[in-house]
Each structure stands twice: as C-alpha cells, then as structure tokens.
Amino acid sequence: MIKDADAKSIYKLANKSFEHMKDPKKITIQRIFFNHWNDFLKDQEVLRRGLRPIVRKEVERMLRCGTINNGFEIYECPNCHKMHIICYTCKSRFCNSCGMRYAKARAISISKSTLDVDHRHVVFTIDERLRFYFLKNRELLNVLFDAVRDTITYVFGNMYGKNNKIIPGYILTLHTFGRALNWNPHIHCLLTEGGMNDHGDYIKIRYINYESLRKSFMKQLLDRMKEFYNDDPKTLKELKQLTNTIYKEKTNGFYVNAPAMKQKDGKNAVVNYIIRYTGRPVMAQSRILEYDKSKCYVKYYYEDHRTDEYIEVEEHVFEFMKKLIIHIPEEQFKMIRYYGIYATCNHKKKEKVKKKLEAQKNGVSKLLSYRRELIDTFDTDPLLCSCGAYMEFIDFWVPSPFRKGGYLYEDSS
C-alpha cells in the first residue's frame with residue numbers, strides 16, 4: 001500500500017488521468033456542493049435549525065467521490081510504462097453518479113430473485129396535508145411501508161376467500177421527493193399480477209380491486225398514524241381532526257395509480273422498473289439548465305405530472321441545496337423492502353419460490369464491472385493505454401482514518 005508521502009507525489013498524475021471526468025462545462029450537483037458547502041454551513045437558517053448528522057456525513061462522502069482524497073488504485077502499462085490512476089467512488093445514497101451505478105447493479109441482483117411473470121407498477125400516495133408529519137418525525141416512514149404491506153395483504157387475502165388465499169410478491173420503494181424537489185413521501189410498488197397458493201402453484205389473476213386498494217390504504221395509514229401519536233395528546237387531537245376531514249373529502253380513498261406494464265417479457269419489465277425507481281437520485285443532473293458560481297444561483301426545470309406543464313425554477317443555490325439534503329434518509333434506513341413470496345426472510349413458500357427461480361431461464365447479464373461502467377458512461381476504457389496495451393494493477397492508497405478528513409489536497413475544480 002502506498003504511503004501518504006508517495007501519494008502526494010502522484011497527485012498531479014491522478015488529476016490528469018481523470019481529465020475526461022472533470023469537464024469544467026458540465027454542471028454537476030457534486031460541483032455545486034463543493035463550491036458552496038462551507039458557506040452553506042454558515043447560512044443563518046442552517047445555523048438556527050441545524051443539520052442532521054447523516055446529512056454532513058453523506059454530503060462529505062459525495063464531495064470526495066471520484067477524487068484522489070477518496071483513495072485510488074495505480075495501473076501501469078507493461079509496454080510503455082505509462083501510469084494511470086483510478087479513484088474510488090463514494091457509494092453514497094446522495095451521490096448521483098453512484099446512485100445510477102447502484103440502480104443498475106440492484107436491477108440485475110433483484111431480477112435474479114423475481115419470477116418471470118407479469119408485474120404491475122402501483123404507486124401509493126398520501127394526502128398533501130399529511131406530508132408534514134412524516135417530515136417532522138421520519139420514523140413515520142416505517143408506518144407508510146407497513147400501511148402498504150397490510151393493504152396488499154388485505155386485498156389479496158379477500159380475493160378468493162379465506163380458504164383459498166394466494167400470496168403475491170412485491171417490492172416497495174420509498175421516494176420522499178416530487179418532481180419539484182418538494183417533500184412528497186410516496187411508495188412505488190412492483191407487484192406480481194398473481195400469487196402463490198398453499199400448494200406452491202402460481203395463480204395469475206385478471207382483476208385487482210383498485211377501489212379496495214385506495215380505501216384500504218387510506219384507512220390503514222390513518223389508523224397507524226393515530227396509533228403512532230398515541231402518547232402525544234396534542235398531536236393526536238390535531239391528527240384526529242384532520243383525519244375526520246380527510247374521510248369526508250376523500251370518499252374514494254387515497255390516490256393509487258396502477259398502470260399496467262407494457263413490456264411483454266415479465267423479466268424485462270422488472271429490470272426496467274428497478275433501474276428507474278430503485279436507487280434513483282433525487283434529481284437528474286440533466287435537469288440543471290444554468291449555474292453561476294459567482295452569482296450563487298441555479299436554474300433547473302421539471303414537468304408537472306398533473307398538468308404536463310414545463311416549469312423552470314431559478315433560485316439561490318442555498319435554497320437548491322436545502323431542497324436536496326432534506327431527502328437524505330437516516331442511516332441504516334431501508335428505502336427498498338421485500339414482501340410476500342419475495343421476502344428475504346424465512347417463510348414457508350421460500351423453498352417453492354427458489355425451485356421456480358431455478359427452473360426458469362434467467363437470461364440476466366452478469367453484474368456490471370467498474371471498468372464496464374466507465375466504458376458505458378464515458379466511452380473510455382480506463383485500462384486501455386494509448387499504445388494499445390492493457391494496463392496492470394500496481395498499488396493503491398486509501399485515506400487514513402487518523403488524518404482528519406483524509407485529504408491530501410483540496411480539489412481546485
């Protein structure tokens with residue numbers, strides 16, 4: 001392993017090696033945070049309200065992503081002895097770059113554990129007036145998962161009668177953000193259009209009672225929220241009043257969207273869903289239209305899903321940053337959860353599902369390697385030397401846990 005003194009001597013080489021990834025014209029969220037993070041921490045609102053510890057941790061990890069300060073490996077060409085540096089990524093859930101790689105890898109991993117059957121994408125949304133409670137107390141997000149789980153259990157449990165139950169497979173993914181970067185917790189559900197009976201046979205269903213889904217979800221969520229605040233009389237009283245109003249206004253229940261997947265191949269539908277919705281960054285960087293470091297403003301757009309209206313937003317960079325960090329989940333919080341016959345825990349149908357997975361043709365490509373990802377992303381093979389030979393691994397360096405921050409140099413980009 002390279003010592004710190006030697007690592008400093010090849011700092012320039014590392015930056016030069018990553019010129020293809022450091023396009024000064026490209027606007028990235030990492031660059032915006034790097035340029036303003038120290039000043040952002042001095043903002044009066046930030047000082048008054050404070051930051052959750054996980055926010056500092058994830059942002060600082062993201063700032064080091066793909067830089068020499070995050071550690072690196074050295075490769076050398078056996079032909080011309082030219083050297084090349086590959087910096088480590090951060091693997092932060094807040095990082096756009098790592099988030100996309102995470103989604104691709106997870107798509108392949110999950111698809112190997114799902115049945116090659118038709119699935120349906122179901123979106124469970126809540127009343128706008130309830131969003132505040134989930135922001136005030138993020139433990140309520142677990143309640144949201146539980147409400148969706150119990151809703152699906154109830155609907156499928158009553159589909160063919162108590163003596164002929166089928167258990168579906170479903171994967172729940174939590175999104176806390178809307179297209180406008182606002183706080184909007186909702187659940188994306190990948191649900192099998194059918195389930196497994198007690199004999200281990202998969203039964204395809206033709207009809208799902210969406211009215212029952214909507215009404216049951218509303219009741220399950222509101223009841224669980226009141227139970228959650230049972231020891232907080234003031235909030236409970238406020239919530240009960242709001243609940244009564246919601247029941248009067250939402251006679252059809254909460255909005256539950258369940259469009260059918262158009263793909264004919266069940267497995268392809270699963271992969272496409274996972275890539276789009278699991279591990280998805282809060283905001284695609286392609287939506288950023290303009291950014292001015294000196295004037296501290298950023299301009300981006302979004303499309304309103306209700307009106308299909310194209311909307312541009314221009315705001316101070318601090319406001320933009322605040323909108324993003326609010327969606328950083330707490331440490332160890334599971335944003336993706338598995339239920340029914342897809343549950344990873346032990347259950348009586350697990351062996352039967354395993355046999356069906358082994359019997360079906362997988363056809364899923366191997367996990368993308370880091371090298372393959374760079375080729376796909378930057379159209380550059382990091383290990384192909386200009387002389388035509390392939391480079392070989394020489395050594396590596398990782399930040400010392402005893403050095404504050406683990407930094408060698410500040411990035412000048």
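For the structure itself, look to the data block above.
Observations regarding the sheet that holds strand S13 (residues 392-397)
Inference 1: Read across the open sheet, the three strands follow the order S2-S1-S13; overall the sheet is antiparallel. Lying at the two open borders of the sheet, with one neighbouring strand each, are strand S2 (83-87) and S13. The sheet shows a mean angle of 25 degrees between the axes of neighbouring strands, taken without regard to direction.
Inference 2: Relative to S2, strand S1 (residues 72-76) runs antiparallel, the two being bridged by five bridges. Bridge pairing in S2 links Tyr75 to His84.

A word on the side chain of Asp127
Inference 1: Of note, Asp127 is situated in the loop between strand S3 (119-124) and helix H7 (131-136).
Inference 2: Judged by relative accessible area, which is 5%, Asp127 ranks as buried.
Inference 3: Within polar-contact distance, the side chain of Asp127 engages the backbone nitrogen of Arg129 at 2.8 Å.

Some points on the sheet that holds S3
Inference 1: Across the sheet, five strands lie side by side as S8-S3-S5-S4-S12; this open sheet has antiparallel pairing. Only two strands of the sheet have a single partner each, and these edge strands are strand S8 (256-257) and strand S12 (336-340).
Inference 2: As defined by bridge partners, strand S4 (residues 169-177) adjoins strand S5 (residues 183-192) across seven bridges and the pair is classed as antiparallel. Bridged to Leu174 within S5 is Ile187.

Considering the packing of helix H3 (residues 29-40) against helix H5 (residues 53-64)
Inference 1: Put simply, H3 and H5 touch, their axes get as near as 9 Å, and they point 115 degrees apart. The orientation of H3 relative to H5 falls into the category roughly perpendicular. Our pair here, H3 against H5, has a crossing hand that is left-handed. Packed against H3, whose contacting residues are Gln30, Phe33, Phe34 and Trp37, the element H5 presents Val55, Arg56, Val59, Glu60, Met62, Leu63 and Arg64 at the interface.
Inference 2: Along the lines of polarity and charge, the residues of the contact of H3 with H5 split into seven nonpolar, one polar and three charged.

Rules used throughout
- Residues numbered from 1 in each chain as written.
- Predicted model: local features only at pLDDT ≥ 70, side-chain atom pairs only at ≥ 80, totals over all residues.
- Heavy atoms only, no water.
- Pairing = 2+ DSSP bridges.
- Helix = DSSP H or I, 4+ residues; strand = E, 2+ residues; numbered from the N terminus.
- Axes fitted to C-alpha atoms, helices over the stretch in contact; angles between N-to-C directions.
- Buried < 20%, exposed > 50% of the residue type's maximum accessible area, 1.4 Å probe, protein only.
- Polar contact = N/O pair within 3.5 Å; in protein donor to acceptor, adjacent residues only side chain to side chain.
- Parallel < 35°, antiparallel > 145°, perpendicular 65-115°, else oblique.
- Left-handed = near helix turned anticlockwise from the far one by under 90°.
- Contact = heavy atoms within 4.5 Å.
- Nonpolar A, V, L, I, M, F, W, Y, C, P; charged D, E, K, R; others polar.

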